[in-house]
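Residues per chain, in single letters:
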Amino acid sequence: MTTIEQRLRAVQARVAAAAKAAGRDPASVRLLAVSKTWPADAVREAAAAGQRAFGENYVQEGVAKVEALRGSMPKEGLDGPLEWHFIGPLQSNKTRSVANAFDWVHSIDRLKIAERLSAQRDVHLPPLNVCIQVNVSGEDSKSGVAPDEAAALAKAVAALPRLRLRGLMCIPEPTDDAALLRSRFALLRALKAELADEGLVLDTLSMGMSHDVEPAVAEGATMVRVGTAIFGERTRPAAQA
Ligand SMILES: *Cc1c(COP(=O)(O)O)cnc(C)c1O
């Protein structure tokens, strides 16, 4: 087994154990492999081990990787095409390539970005799946809409024709305080429940990374975004968006 395959299996086991500990079906949590800074060959290796969904943070790097891998995957032993998720900060002058190269965008925090993605999504493609990124830590420096503005943004985004609002996403501040992390993830879960009460039913909570998969799954994550624990420590700083 390759190193990437071994690490992938270990992460799958962590997710499954966390789900079972929370009384959840392990199949209710999807694993997104965050391949930012890693070459297309690393994605091929993970794909050969069965991984389908990949996350990228940087527009130029991500689009180049999507295009490098499109149609180049060996068909044998694979169960369908790769699914690409954009999870990084997105500026309005970069929306067009993201709208057409990716299947999902997790980092919507302004209506203007969502409107551009909807207008620019190719009519021949299915609607772009999106999540609203919520700033659950209240830090000025972090992207994401404030929790008390999330519902209004979600309703506006849900009305856009070429987008399909799937859920909420968060990146808590880095901390070893397990109780604090749980409370951040619990806030996102509560926001999703509030939206459901108001008639906006969403199926996705995108939360949890290499170091906090367990608390995220305990609080209801349906998609965890894991990079380092699958591909290893990133050796170069990621290119800028
Ligand atoms: C890099 C990144 C991840 C993965 O982080 P790891 O700690 O490497 O697992 C997840 N989500 C987002 C938004 C990221 O930028």
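Thresholds, definitions, all that
Residues numbered from 1 in each chain as written. Predicted model: local features only at pLDDT ≥ 70, side-chain atom pairs only at ≥ 80, totals over all residues. Heavy atoms only, no water. Helix = DSSP H or I, 4+ residues; strand = E, 2+ residues; numbered from the N terminus. Buried < 20%, exposed > 50% of the residue type's maximum accessible area, 1.4 Å probe, protein only. Contact = heavy atoms within 4.5 Å. Expected span 1.5 Å × (residues − 1). Arc of directions from axis to C-beta. Polar contact = N/O pair within 3.5 Å; in protein donor to acceptor, adjacent residues only side chain to side chain. Core = buried A, V, L, I, M, F, W, Y, C linked by side-chain atoms within 4.5 Å. Pairing = 2+ DSSP bridges. Right-handed = clockwise from strand over helix to strand, strands pointing away. Near = heavy atom within 4 Å. Areas by Shrake-Rupley, 256 points an atom, 1.4 Å probe, with all protein chains shown as cover. Nonpolar A, V, L, I, M, F, W, Y, C, P; charged D, E, K, R; others polar.

A few words now on the overall build of the protein. Summing up its helical and strand segments, the protein has nine helices and eight strands in all. In terms of principal-axis extent, the alpha carbons of the protein reach across some 45 × 45 × 30 Å. Going through the 241 residues of the protein one by one, you find that 51% of them count as buried. Long-range contacts, defined here as pairs at least 24 residues apart, represent 64% of the contacts in the protein between residues at least 6 apart.

One turn of the α-helix equals 3.6 residues, which is why residues spaced by three or four share an orientation. Taking 1.5 Å of rise per residue, the 20 residues of helix H7 (residues 178-197) would be expected to cover 28 Å, and the 29 Å separating its terminal C-alpha atoms lies within 8% of that figure. What H7 keeps buried is the set Leu-181, Arg-184, Phe-185, Leu-188, Leu-191 and Leu-195. Down the axis of H7, the buried side of the element spans an arc of 105°, and every buried residue falls inside it. Projecting away from the buried face of H7 at angles above 90 degrees are the exposed residues Ala-178, Ala-179 and Asp-197. Those residues of H7 that are buried lie in contact with helix H6 (150-158), strand S6 (163-169), strand S7 (204-206) and helix H8 (213-218). N-cap assignment for H7: the residue whose side-chain oxygen lies 3.2 Å from the backbone N of Ala-179 is Asp-177.

Right, let's talk about the nonpolar core for a bit. In this structure, Leu-117 and Ile-132 are the most contacted members of the largest nonpolar core, which totals 66 residues. Looking at this core, the element that brings in the most residues is helix H1 (residues 3-21), giving six residues. Every residue in contact with Ile-132, bar those within four places of it in the chain, is listed here: His-106, Ile-108, Val-145, Leu-153, Ala-154, Val-157, Leu-165, Gly-167, Leu-168 and Met-169. In terms of nonpolar packing, the next biggest core, distinct from the first, is built from eight residues, Ile-87, Cys-131, Met-169 and Met-223 among them.

The next point concerns the pairing of strand S3 (residues 83-86). It is a general feature of regular strands that their side chains alternate between the two faces of the sheet. Summarising the sheet, strand S2 (residues 53-56) and S3 pair through four bridges and their orientation is parallel. Within the sheet, the bridge partner assigned to Phe-54 lies in S3 and is Trp-84. With two bridges connecting them, S3 and strand S4 (residues 104-108) associate as parallel partners. For His-85, the partnering residue across the bridge sits in S4 and is Trp-104. For the crossover from S3 across helix H4 (residues 95-101) to S4, the handedness is right-handed.

Contacts to the ligand come from Val-34, Lys-36, Asn-57, Ile-87, Ile-171, Met-209, Ser-210, Arg-225, Val-226, Gly-227, Thr-228 and Arg-234. At 2.8 Å, a side-chain N or O of Lys-36 approaches an oxygen atom of the ligand. Contacts to the ligand include Asn-57, whose side-chain N or O atom sits 2.7 Å from an oxygen atom. If the ligand stood free it would expose 390 Å²; the protein chains cover 91% of that surface. Across the shell around the ligand, the residue classes break down as five nonpolar, four polar and three charged.

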